[in-house]
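Architecture and fold: a report
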Amino acid sequence: RQSWKILKERKAQIIAVSRATKRDIIELLDIPPERIHVVREALPEEVVKIGSTLDEEQVAMHIQKLGLTRPYLLAVGTREPRKNLERLIEAWQPLSADYDLVIAGEQGWDVTSTGTKLGSIAHLHLLGRVDDTQLAALYTNASVFCYPSLYEGFGLPILEAFYYGLPVVTSNVSSMPEIAGNAAELVDPLDVESIRSGITTILNETTEQQQTRGQRMIIRQHMFSWKVAAEQTLQVYHLAQLAATEKQ
């Protein structure tokens, strides 16, 4: 709080990674909107490096080592309430006869509202933290990426899934629509039926619909560039320098 107070007094220029984050800074911290600049992130270079060298044989090896033998839906992130995993699990369970649910991420709050440990649910795999190569294999081999988070500042896993050609179901709130655009199925994260409907929509797509979605994912991913982010960041630094000069 003290830091934000100082930034406000200094009339600092602030970088936000999404329009949603900018709205939060305006509403919660009362910073004037003209001093907040949206500079979006992009796909990490490490993801591209690993993805470009991973072949089918390596993917199959990693999937086998992780003990996955059936088609699966994938969720990525620390297991905490913000990730909305309880509703995702409830939405997935009617589909569990045909699809496993794989959650890759460190343990947070992993007890459901009924007190049942998530680890006791059939066909649910809690992998914990995985390395970058394992994560790449999981993205490559999954049927749907499920990201019904309640809040994200940016939502980088959406771009990661797009890179691997993995269709995405994500929330229609916070920054997710801003990142996913028309390439993902947007759902109400508070509505289990909406989440399930988004998943089944993707699972039931025709080949033509899959191709259309794939093209949209490629286009969407390329809308986010580190070169553009660097140029925009530099512009904000120039504004900050100009403001500091005017004070002197």
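For the structure itself, consult the block above.
Not measured: the values here are computed from a predicted model. (Residues numbered from 1 in each chain as written. Predicted model: local features only at pLDDT ≥ 70, side-chain atom pairs only at ≥ 80, totals over all residues. Heavy atoms only, no water.)

Describing the overall build of the chain
When you go through the chain residue by residue, the secondary structure sums to 11 helices and eight strands. For the C-alpha atoms alone, the extent of the chain along its principal axes is close to 70 × 40 × 30 Å. Approximately 13,500 Å² of the chain is accessible, and the part contributed by carbon and sulfur atoms is 50%. For the chain, the centre of its 25 positive side-chain charges and the centre of its 31 negative side-chain charges are spaced 8 Å apart. (Helix = DSSP H or I, 4+ residues; strand = E, 2+ residues; numbered from the N terminus. Areas by Shrake-Rupley, 256 points an atom, 1.4 Å probe, with all protein chains shown as cover. Lys, Arg positive; Asp, Glu negative; His and termini not counted. Charge placed at Lys NZ, Arg CZ, Asp CG, Glu CD.)

Focus: the nonpolar core
Of all hydrophobic cores here, the largest spans 38 residues; its most connected members are Y72, L74, L138, Y139, F145 and F162. Tallying contributions element by element places helix α6 (residues 132-141) first for this core, with five residues. If near-sequence neighbours (up to four positions away) are discounted, Y72 is found in contact with I63, Y99, D100, V102, A137, L138, N141, A142, S143 and V144. (Core = buried A, V, L, I, M, F, W, Y, C linked by side-chain atoms within 4.5 Å. Buried < 20%, exposed > 50% of the residue type's maximum accessible area, 1.4 Å probe, protein only. Contact = heavy atoms within 4.5 Å.)

Concerning the packing of aromatic side chains
Inspection of the entire model under this criterion finds five aromatic pairs. An angle of 20° between the planes, with centres 5.6 Å apart, marks the rings of F145 and Y147 as stacked. As far as the burial class goes, F145 and Y147 line up, both buried. Between F154 and F224 the ring centres are 5.9 Å apart and the planes differ by 90°, which places this aromatic pair in the edge-to-face class. Linking F154 in the loop between β6 (144-147) and α7 (156-163) with F224 in the loop between α10 (207-221) and α11 (226-247), this pair joins segments that are 70 residues apart in sequence. (Phe/Tyr/Trp six-rings, centres within 6.5 Å; stacked < 30°, edge-to-face > 60°.)

Regarding the sheet that holds strand β7 (residues 168-171)
A sheet is described by the order of its strands in space; here six strands give the open sequence β5-β4-β3-β6-β7-β8, paired in parallel fashion. Where the open sheet ends on each side, the last strands, each with one partner, are β5 (124-128) and β8 (185-187). Across this sheet, the average inter-strand angle for adjacent strands is 25°, counted without regard to direction. Relative to β7, β6 is paired through three bridges, and the arrangement is parallel. Its bridge partner being in β7, Y147 is matched across the sheet by T170. Its contacts with the sheet place α7 against β6 and β7, and it is angled at close to 175° to β6. (Pairing = 2+ DSSP bridges. Axes fitted to C-alpha atoms, helices over the stretch in contact; angles between N-to-C directions.)

Comments concerning the packing of helix α4 (residues 56-65) against α6
At a closest axis distance of 9 Å, the pairing of α4 and α6 adopts a crossing angle of 100°. In terms of axis orientation, α4 runs roughly perpendicular to α6. The residues of α6 that touch α4, namely those facing V59, H62 and I63, are T133, Q134, A137, L138, T140 and N141. Of the residues assigned to the contact of α4 with α6, the class counts are four nonpolar, five polar and no charged. (Parallel < 35°, antiparallel > 145°, perpendicular 65-115°, else oblique. Nonpolar A, V, L, I, M, F, W, Y, C, P; charged D, E, K, R; others polar.)

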